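Observations on the model geometry
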Amino acid sequence: MASTKICAFDDLEPNQAVKVDIDGIPIAVVRDSAGDVFAIGDTCTHGDISLSEGFVEGETIECWAHGSLFSLKTGKAITLPAYEPVPVYKVELVDGFVFIDPAVILAV
């Protein structure tokens, strides 16, 4: 599978998540306050909740339903009730656009 063009970098608001679907894979795309872009699995591993509807702070995203925090870098569940990680996908910035390849999982 090749990388998919998601959006322009400038379309991503700092500390906000956007849900995208690539070939049936729900992905939360996040631009943090430092300007780094992350792509993680969009479904909380504790419940079937969209992480992109949660809260971004630093290098974490919080599930709005039960408060589990996930690392944007590693996908690791940092706080309970979630304990399973979410996948982290490769992000590339090319000419001001964000590309994601869901076939390249950096961490699980």
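Source: prediction; values computed, not measured. (Residues numbered from 1 in each chain as written. Predicted model: local features only at pLDDT ≥ 70, side-chain atom pairs only at ≥ 80, totals over all residues. Heavy atoms only, no water.)

Here we look at the nonpolar core
- Of all hydrophobic cores here, the largest spans 17 residues; its most connected members are Ile40, Cys44, Leu51, Ile61, Phe70 and Leu72.
- When contributions to this core are tallied by element, the ones reaching two or more residues are strand 3 (25-31) and strand 4 (37-41).
- Grouped together as the second largest cluster of nonpolar side chains are twelve residues, Ile27, Val29, Ala39 and Tyr89 included. (Core = buried A, V, L, I, M, F, W, Y, C linked by side-chain atoms within 4.5 Å. Buried < 20%, exposed > 50% of the residue type's maximum accessible area, 1.4 Å probe, protein only. Helix = DSSP H or I, 4+ residues; strand = E, 2+ residues; numbered from the N terminus.)

Considering the sheet that holds strand 6 (residues 60-62)
- Strands sit in the order 5-6-7 across an open sheet of three strands; the sheet is antiparallel. Edge positions in the open sheet fall to strand 5 (55-57) and strand 7 (69-71), since each of these has one partner strand only. Direction aside, the axes of adjacent strands within the sheet are offset by 25° on average.
- Inspection of the sheet shows strand 6 paired to strand 7 by three bridges, in the antiparallel sense. Counted as the bridge partner of Thr60 is Ser71 from strand 7. (Pairing = 2+ DSSP bridges. Axes fitted to C-alpha atoms, helices over the stretch in contact; angles between N-to-C directions.)

Brief notes about the sheet that holds strand 9 (residues 97-107)
- Taken together, the six strands give an open sheet; going across it, the order is 1-9-8-4-3-2, and neighbouring strands pair in antiparallel fashion. Every other strand in the sheet has two partners, leaving strand 1 (4-8) and strand 2 (16-22) as the edge strands with one partner each. Within the sheet, the average angular offset between the axes of one strand and its neighbour, ignoring direction, is 35°.

Concerning the UniProt feature "domain: Rieske" (unreviewed entry) in the chain
- Those places that UniProt annotates as "domain: Rieske" (unreviewed entry) correspond, in this numbering, to residues 4-100.
- With 0% helix and 45% strand, residues 4-100 has its two end C-alpha atoms placed 5 Å apart. (UniProt positions renumbered as here; feature names shortened; annotations may be inferred.)

With respect to the environment of Lys90
- Relative to the assigned elements, Lys90 resides in strand 8 (residues 88-94).
- According to the relative accessible area criterion, Lys90 is partly exposed, its value standing at 34%.

With respect to the packing of aromatic side chains
- A complete count under the given rule lists zero aromatic pairs for this structure.
- Geometry around Phe97 places Lys5 over its ring, the cationic atom sitting 3.8 Å from the centre. (Phe/Tyr/Trp six-rings, centres within 6.5 Å; stacked < 30°, edge-to-face > 60°. Lys NZ or Arg CZ within 6 Å of the ring centre and 35° of its normal.)

Some details on the side chain of Ser52
- Here Ser52 lies in the loop between strand 4 and strand 5.
- Ser52 gets classed as buried once you look at its relative accessible area, which sits at 12%.
- Polar side-chain contacts of Ser52 include one of 2.8 Å to the side chain of Ser50.
- Beyond its immediate stretch of four places on either side in the chain, Ser52 contacts Ala17, Val18, Lys19, Ala28, Asp42 and Ile61. (Polar contact = N/O pair within 3.5 Å; in protein donor to acceptor, adjacent residues only side chain to side chain. Contact = heavy atoms within 4.5 Å.)

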